[in-house]
Amino acid sequence: MTPFPISETNPVEHDGPLPKAADCVVIGGGVIGICTALFLARSGQKVVVLEKGRIAGEQSSRNWGWIRVQGRDAAEIPIAIEAQNLWRELAPQLDVDIGLKQVGVAYLANTKKQVQGHRKWLDHARDFGLDSHLLSTDQVRDLIPAAATTWQGGLLTPSDMRAEPFLAVPALARLAAREGVTIVENCAVRILDIAGGRIKGVATEQGMIESPKVVVAAGAWSSLFLRNHGISLPQLSVKSTAAQTEALGEVFTGGAADKKLAFRHRADGGYTLAPAGYHEMFIGPDAFRNLLKFMPQFMTDPFGTALRPKAPRGFPDAWNVARKWSADDVSPFENLRVLNPAPNMAKVAGITRHFTKNFPNLGSVKIKSAWAGMIDVMPDLVPVVDRVSALSGLVVSTGMCGHGFGIGPAFGRINADLVLGRDPGHDLTRFRLSRFSDGSKLNLGTSL
């Protein structure tokens, strides 16, 4: 089993060798990058994935493991539905059991106002034929009978699923490698090789690769990488803490969340716990630069994000991180191989107490491990998935806003079609890069 959390101490599983040329280079070995490479390879392309640290070392292995349609932005719903179908297709092809199960996701309302928010989301989701439905107080009690809390109602999507991300994404990488994708860990891309407004390849710390197509799927590092090439991406990162318990009795098979706590039953019999709706953001140059764009998001939930005075050394928006470098310079991506923030142990203690209070029948709840990850977020809470018009051959797929694991296979398939010049099969207008510069009003996506 893959040691968790995945970090630079994990052995390198994929070490190339670095080819001289490829049809496409994918920057980033998270779920988006790996799925992009897999679908490109299945279309006959010679693909290289370059990961500065370890496959799934950052948010792709540190998320809650929910594969959900519930709560998605309307533009994401059909893509999330496709992703669930792809997870079902891909899971039997993997070399380990990733714990994929259709168990449902429930949002539990502490107040009548939350019930109204659930109803509002359900209204815009009805046209997609989902099995999502509202729950009364009694129906929530029937769903989770062991709970000591009395919720005002809830929202349930029985068809939503779960999987273990720290198993799933490395397994997808091994599948991609078996199908011809070259994956090189511990190999940062320093800059794009550009001539005449077109991609010619990439310069890595190990040498050059010629390639007419590049996909940037670098998660929290995407904005820093693109800014070095004059491409503005108003992306910030927030820290999210989570923990896993030792094996306990089952109180709900799926994932659930109220205003204080999110919990999800794990394949190992324990639970993943997280403080619902709470993140920490480190203040750096990009935070100041993008303040106005993010202000509407902050104002909708001013207490959901705790501001910290500065990022730890080497983080993407730290004050000491270089903003310009060349192919001959050691890049910021080599200085910090895996973004491995310290978990907020006060929050871990709080969610453990809350979980224990909710389910006293479980007895003593022991935490097996705790971790944190940096979630790449956009001002309007939806990702950027687009060809870059100013630089032919470049596709950007980032800013998944904490949704990347569940929706990853579908956006990987979409990215492959964007690279190949094919119809992606979905309306991607909502995800265009130009929405931040063309004067469009930014409409906040759902925060459910």
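On a predicted model such as this, the values are computed, not experimentally measured, just so you know.

Asks: How should the pairing of strand 20 (residues 367-377) be read in this particular structure?
Replies: Within a regular strand, the side chains alternate between the two sheet faces. Most of strand 20 is tucked away, with eight of its 11 residues classed as buried. Relative to strand 20, strand 14 (residues 236-245) runs antiparallel, the two being bridged by 10 bridges. Residue Thr245 lies in a different strand from strand 20, and its bridge partner there is Ile367.

Asks: What's the story with helix 12 (residues 404-419) in this structure? I'm lost.
Replies: For an α-helix the count is 3.6 residues per turn, leaving residues at separations of three or four pointing the same way. The terminal C-alpha atoms of helix 12 lie 19 Å apart, and with 16 residues this falls more than 12% below the ideal 22 Å at 1.5 Å per residue. Maximum bend of helix 12: about 40°, positioned at Ala410. Here helix 12 lies mainly inside the structure; 16 of its 16 residues are buried.

Asks: I tried to follow the confidence of the model for the protein on my own but got confused; where do I start?
Replies: Should the pLDDT be low somewhere, the predicted coordinates at that spot are not to be read in detail. On average, the protein scores 95 in pLDDT, and the residues at 70 or more come to 98%. Within the protein, no element has a lower average pLDDT than helix 9 (residues 291-300), which sits at 87, and none a higher one than strand 1 (residues 24-27), at 99.

Asks: It is not clear to me how the pattern of salt bridges should be interpreted in this structure. Could you clarify?
Replies: For side chains of opposite charge, pairing can occur when their charged atoms come near one another. Considering all chains together, one arrives at 23 salt bridges under this definition. When the shortest N-O distance is used, the salt bridge between Asp95 and Arg178 registers 3.7 Å. Of this pair, Asp95 sits in the loop between helix 3 (77-90) and strand 4 (101-102) while Arg178 is found in helix 6 (residues 165-178), placing the two residues 83 residues apart along the sequence. A salt bridge links Arg337 to Glu205; the nearest nitrogen and oxygen atoms lie 2.6 Å apart. With Arg337 in the loop between helix 10 (332-335) and helix 11 (345-358) and Glu205 in the loop between strand 11 (198-204) and strand 12 (207-210), the pair connects residues that are 132 residues apart, well separated along the chain. Look at Arg337 and you get buried, because its relative accessible area is 18%. Its relative accessible area of 25% is what places Glu205 among the partly exposed residues. One continuous salt-bridge network, built from bridges that share partners, spans Glu13, Asp95, Arg174 and Arg178.

Asks: Would you mind showing me how to read the packing of helix 1 (residues 31-41) against helix 6 here?
Replies: Relative placement of two packed helices is described by the angle separating their axes and the distance separating the axes. Axis separation between helix 1 and helix 6 bottoms out at 9 Å; the angle between their running directions is 25°. By the angle class used here, helix 1 and helix 6 are roughly parallel. Seen along the crossing, helix 1 lies across helix 6 with a hand that is left-handed. Together, Val31, Ile34, Cys35 and Leu38 of helix 1 and Val169, Leu172, Ala173, Leu175 and Ala176 of helix 6 make up the contact between the two elements.

Asks: Got a minute to help me understand the sheet that holds strand 10 (residues 189-195) in this structure?
Replies: Strands in a sheet are paired, the pairing made by backbone hydrogen bonds, and the direction either parallel or antiparallel. Across the sheet, three strands lie side by side as 10-11-12; this open sheet has antiparallel pairing. Each end of this open sheet is capped by a strand with a single partner; those strands are strand 10 and strand 12. Neighbour-to-neighbour, the strand axes of the sheet open up by a mean angle of 30°, direction not taken into account. By the bridge criterion, six bridges tie strand 10 to strand 11 in an arrangement that is antiparallel. The residue bridging Val189 from the neighbouring strand is Thr204, located in strand 11.

Reading the values: rules and limits
- Residues numbered from 1 in each chain as written.
- Predicted model: local features only at pLDDT ≥ 70, side-chain atom pairs only at ≥ 80, totals over all residues.
- Heavy atoms only, no water.
- Buried < 20%, exposed > 50% of the residue type's maximum accessible area, 1.4 Å probe, protein only.
- Helix = DSSP H or I, 4+ residues; strand = E, 2+ residues; numbered from the N terminus.
- Pairing = 2+ DSSP bridges.
- Expected span 1.5 Å × (residues − 1).
- Bend = angle between axes of the 7 residues up to and from the residue.
- pLDDT = per-residue confidence, 0-100.
- Salt bridge = Lys/Arg side-chain N within 4 Å of Asp/Glu carboxyl O.
- Axes fitted to C-alpha atoms, helices over the stretch in contact; angles between N-to-C directions.
- Parallel < 35°, antiparallel > 145°, perpendicular 65-115°, else oblique.
- Left-handed = near helix turned anticlockwise from the far one by under 90°.
- Contact = heavy atoms within 4.5 Å.

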